[in-house]
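Inside the fold
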Amino acid sequence: QVRLVESGGGLVQPGGSLRLSCAASGRTSNINVMGWYHQAPGKQRELVATISSLSNITNYADSVKGRFTISRDNAKDTVYLQMNSLKPEDTAVYYCYARTNLFNVYWGQGTQVTVSS
């Protein structure tokens, strides 16, 4: 089992920045991919960014390329999402995601990000 705990959401003005963190605990040695998804009201959960544990290969949704950066600290079993130049359409609940080498998928409880003036 893997437990994911997110932090760092909040209210920010358009053009502002936020940094999300997700700390993993439990059988973290089995994790090979971590990342972030978001879900806006009335919409499906969508990929934001992922990062692999061994190669640090990253993948981003087109809508966030050049604005968001995903990184991870393997020593702390933590993944980060630096979000810059935030737009109102980035408003959503952001969920941390982890996938193990046996393709088990785990989710965090979610953290609200609201971009509004």
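Scroll up for the structure.
Summary of the structure given here.

Definitions and limits used
Residues numbered from 1 in each chain as written. Predicted model: local features only at pLDDT ≥ 70, side-chain atom pairs only at ≥ 80, totals over all residues. Heavy atoms only, no water. Helix = DSSP H or I, 4+ residues; strand = E, 2+ residues; numbered from the N terminus. Rg over C-alpha atoms; globule rule 2.2 N^0.38 Å. Buried < 20%, exposed > 50% of the residue type's maximum accessible area, 1.4 Å probe, protein only. Contact = heavy atoms within 4.5 Å. Areas by Shrake-Rupley, 256 points an atom, 1.4 Å probe, with all protein chains shown as cover. Lys, Arg positive; Asp, Glu negative; His and termini not counted. Charge placed at Lys NZ, Arg CZ, Asp CG, Glu CD. Pairing = 2+ DSSP bridges.

**Observations concerning the overall build of the protein chain**
For the protein chain, the count of helices and strands is 0 helices and 11 strands. For 117 residues, the compact-globule estimate of 2.2 N^0.38 gives 13 Å, and the C-alpha radius of gyration of the protein chain, at 13 Å, lies within 12% of that figure. Based on the C-alpha atoms only, the size of the protein chain along its principal axes is roughly 40 × 25 × 20 Å. Counting every position in the protein chain, which comprises 117 residues, the buried fraction comes to 44%. The contacts of the protein chain with a sequence gap of at least 6 include a subset with a gap of at least 24, amounting to 51%. When the accessible surface of the protein chain is summed, it comes to about 6,300 Å², and 47% of that surface belongs to carbon and sulfur atoms. For the protein chain, the centre of its 11 positive side-chain charges and the centre of its 7 negative side-chain charges are spaced 4 Å apart.

**Some thoughts on the pairing of strand β4 (residues 31–39)**
Burial within β4 is extensive, with 7 of its 9 residues counted as buried. Relative to strand β9 (residues 92–100), β4 runs antiparallel, the two sharing 8 bridges. Across the sheet, residue Gln39 finds its bridge partner in β9, namely Val93. Bridge count between β4 and strand β5 (residues 46–52): 6 bridges; the pairing is antiparallel. Bridging from a neighbouring strand, Trp36 pairs with Ala49 of β5.

Taken by themselves, the reported measurements are silent on function.
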